[in-house]
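Chain by chain, the residues:
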Amino acid sequence: MNKPELLLPAGNIEKLEYAIKYGADAVYLGVVDFSLRAMRKGELITLENLKSAIEKARTLGAKAYLTLNIFAFNEDIKKLEACMDIISDSNPDAVIVSDMGVVRLVQKYMPKTALHISTQANTLNYEAVKFWQDLGASRTILARELSVKDVKEIKEKVPGMELEVFVHGAQCVSFSGRCLLSDYMTGGERKANHGNCAQACRWSYKLVEETRPGEYYEIEENEKGTHILSTKDLNLIKHLAKLVDAGIDSFKIEGRTKSLYYVSAVAKAYRAALDEVINNPDADLEKYWQELLKVGNRGYTTGFYLQDGYPADGYSYDISKGLAGADFLAEIQGEENGYLKVLVKNKFYKNTDIEIITPKEQLVTQASEIIKPVKNESLEFANTNQELLIKFSAVPKDWKYGLVRTVGIKRADEV
């Protein structure tokens, strides 16, 4: 059975490392100005550290793809061309593009670098894939509006072209993400196709009749408001066998702006599920679905993949913000005198069940001792943003890249 690549987002240097350690075969990353996601947290990937970020990915055994997929105006092209020597020297394994002007620049300055056509190019049929192949592209990232049946036919018609599809994460209300809502609703200050989407599709809307200003009505009677444009998140983990059978070469996870915990936990689930289904196409993957309920989501849907058209239950009318079934509690950063050094993300108490996950392990444990360094003060609970020493009742064999979270699935009725 063909073994597809598992492709994870790298929103910053730390997420790049964790994504790979938790199972990614490749990561995709972007720099400010030329990517469709504007990063704000952590050690950001910039033109100055781009080369070292790509080298880090390779050192960890993964490929690194650079996103240059904005829709470029003249000023963007000028700015990009001025940076092409630096970008070329960074030597990514591939460049992801959607704008034909950017394609020309990449082919001019990086003729030996693989070209991947972004989902923003709205590729829906095999003739379009052939067009990109004739232009020199080695991979097409297909539009999310396709069914598995359509994807399989494209692979049969163009077997020499690599195909990549999204299998998990947030979806855009607009066709293949080509949306102007953010631009319009923010007066042009948050341009979606220049990496700064305000996610206007996640806002709660009300109805007003123009002759009755100030009189607002719910579009649908609901105590939580009405998010009429907000789609549920994509989750295809139970259907990986169908996707493998369709000949897909790369399974892509959305989420460069998502948390370190999200990237790690989703990578872990898909890595294990994909490895299992390669060995046994009939494997029951329900346990991995349950694991994905523990990360932030707006409810899950299979999108367009399993039927013609978008499913009626594919919208998240009640919530716009992703709710996680488990809370991310802490990041394990080191070891000292029999204690683990942790950076606390959310409050948790001593002697209560919590869960530690690592790239290879998953176990339930308790914090039997919580110590505040320097003063050597014993605490009853770990509070947000504290750096503490903790002795756990059970620890993984290898704590490196370990993350701590609550046990079980909370808010199951909402996620």
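Residues numbered from 1 in each chain as written. Predicted model: local features only at pLDDT ≥ 70, side-chain atom pairs only at ≥ 80, totals over all residues. Heavy atoms only, no water.

**Q** Describe the sheet that holds strand S16 (residues 354–357), with residues and values.
**A** Taken in spatial order, the eight strands of this open sheet run S17-S16-S22-S13-S14-S21-S18-S19, and their pairing is antiparallel. Both outer strands of the open sheet, strand S17 (362–365) and strand S19 (377–378), are each paired with one neighbouring strand and no more. (Pairing = 2+ DSSP bridges. Helix = DSSP H or I, 4+ residues; strand = E, 2+ residues; numbered from the N terminus.)

**Q** Summarise the packing of helix H1 (residues 13–21) against helix H9 (residues 260–279); cite the residues concerned and give the values.
**A** Closest axis-to-axis distance for the H1/H9 pair is 8 Å, and the angle between their directions is 15 degrees. Judged by the inter-axis angle, H1 sits roughly parallel to H9. Crossing of H1 against H9: the hand is right-handed. Facing H1, whose interface residues are Glu14, Lys15, Tyr18 and Ala19, H9 presents Leu260, Val263, Ser264 and Ala267. Its residues placed into classes, the contact of H1 with H9 shows five nonpolar, one polar and two charged. (Axes fitted to C-alpha atoms, helices over the stretch in contact; angles between N-to-C directions. Parallel < 35°, antiparallel > 145°, perpendicular 65-115°, else oblique. Left-handed = near helix turned anticlockwise from the far one by under 90°. Contact = heavy atoms within 4.5 Å. Nonpolar A, V, L, I, M, F, W, Y, C, P; charged D, E, K, R; others polar.)

**Q** With reference to specific residues and values, describe the nonpolar core.
**A** By size, the foremost hydrophobic cluster in this structure holds 96 residues, and its most contacted members are Val27, Leu68, Leu240 and Phe251. For this core, the element with the most residues is H9, which contributes 13 residues. Contacts of valine 27, omitting those with residues within four sequence positions, involve Leu7, Leu8, Ala10, Leu16, Ala19, Ile20, Ala57, Lys63, Ala64 and Tyr65. Core analysis: the next-biggest nonpolar cluster, separate from the first, contains 18 residues, Ala330, Val344, Ile356 and Phe392 among them. (Core = buried A, V, L, I, M, F, W, Y, C linked by side-chain atoms within 4.5 Å. Buried < 20%, exposed > 50% of the residue type's maximum accessible area, 1.4 Å probe, protein only.)

**Q** An account of the side chain of threonine 301 is needed here, citing residue identities and associated values.
**A** Considering the arrangement of structural elements, one finds threonine 301 in strand S12 (residues 300–301). In terms of polar contacts, threonine 301 uses its side chain to reach the backbone amide nitrogen of glycine 303, at 3.1 Å. (Polar contact = N/O pair within 3.5 Å; in protein donor to acceptor, adjacent residues only side chain to side chain.)

**Q** Break down the confidence of the model for the chain for me, with residues and values.
**A** The predicted model of the chain has a mean per-residue pLDDT of 88, with 84% of residues at 70 or higher. Note that residues 411–415 has pLDDT below 50 and, in this model, twelve contacts with residues that lie over four places away or in other chains. (pLDDT = per-residue confidence, 0-100.)

**Q** Describe the pattern of salt bridges, listing the residues and the values that go with them.
**A** Using the criterion set out here, one finds 24 salt bridges in the structure. The salt bridge involving glutamate 17 is made with lysine 56; its shortest N-O contact spans 3.6 Å. Here glutamate 17 is found in helix H1, whereas its partner lysine 56 is found in helix H2 (residues 50–59), with 39 residues between them in sequence. Here glutamate 355 ties to lysine 294 by a salt bridge, and the two come within 3.4 Å at their closest N and O atoms. With glutamate 355 in strand S16 and lysine 294 in the loop between helix H10 (286–292) and S12, the pair connects residues that are 61 residues apart, well separated along the chain. The structure contains a network of salt bridges with shared partners spanning Glu5, Arg139, Glu162, Glu164 and Lys252. (Salt bridge = Lys/Arg side-chain N within 4 Å of Asp/Glu carboxyl O.)

**Q** With reference to specific residues and values, describe the environment of isoleucine 356.
**A** Within the fold, isoleucine 356 resides in strand S16. Along the chain, isoleucine 356 and isoleucine 332 lie 24 residues apart, while their C-alpha atoms are 9.3 Å from each other. If near-sequence neighbours (up to four positions away) are discounted, isoleucine 356 is found in contact with Ile332, Glu361, Gln362, Leu363, Thr365, Phe392, Ala394, Pro396, Leu403 and Val404.

**Q** I'd love a proper account of the packing of helix H3 (residues 74–90) against helix H4 (residues 100–109), names of residues and values included.
**A** Contact pair H3 / H4: the axes reach a minimum separation of 10 Å and the direction vectors enclose 30 degrees. As far as their axial angle goes, H4 and H3 are roughly parallel. The element H3 and its partner H4 pack so that their crossing is right-handed. Side by side, H3 and H4 meet where Ile77, Leu80, Glu81, Met84, Asp85 and Ser88 of the first sit next to Gly101, Val102, Leu105, Val106, Lys108 and Tyr109 of the second. Looking at side-chain class alone, the contact of H3 with H4 contains seven nonpolar, two polar and three charged residues.

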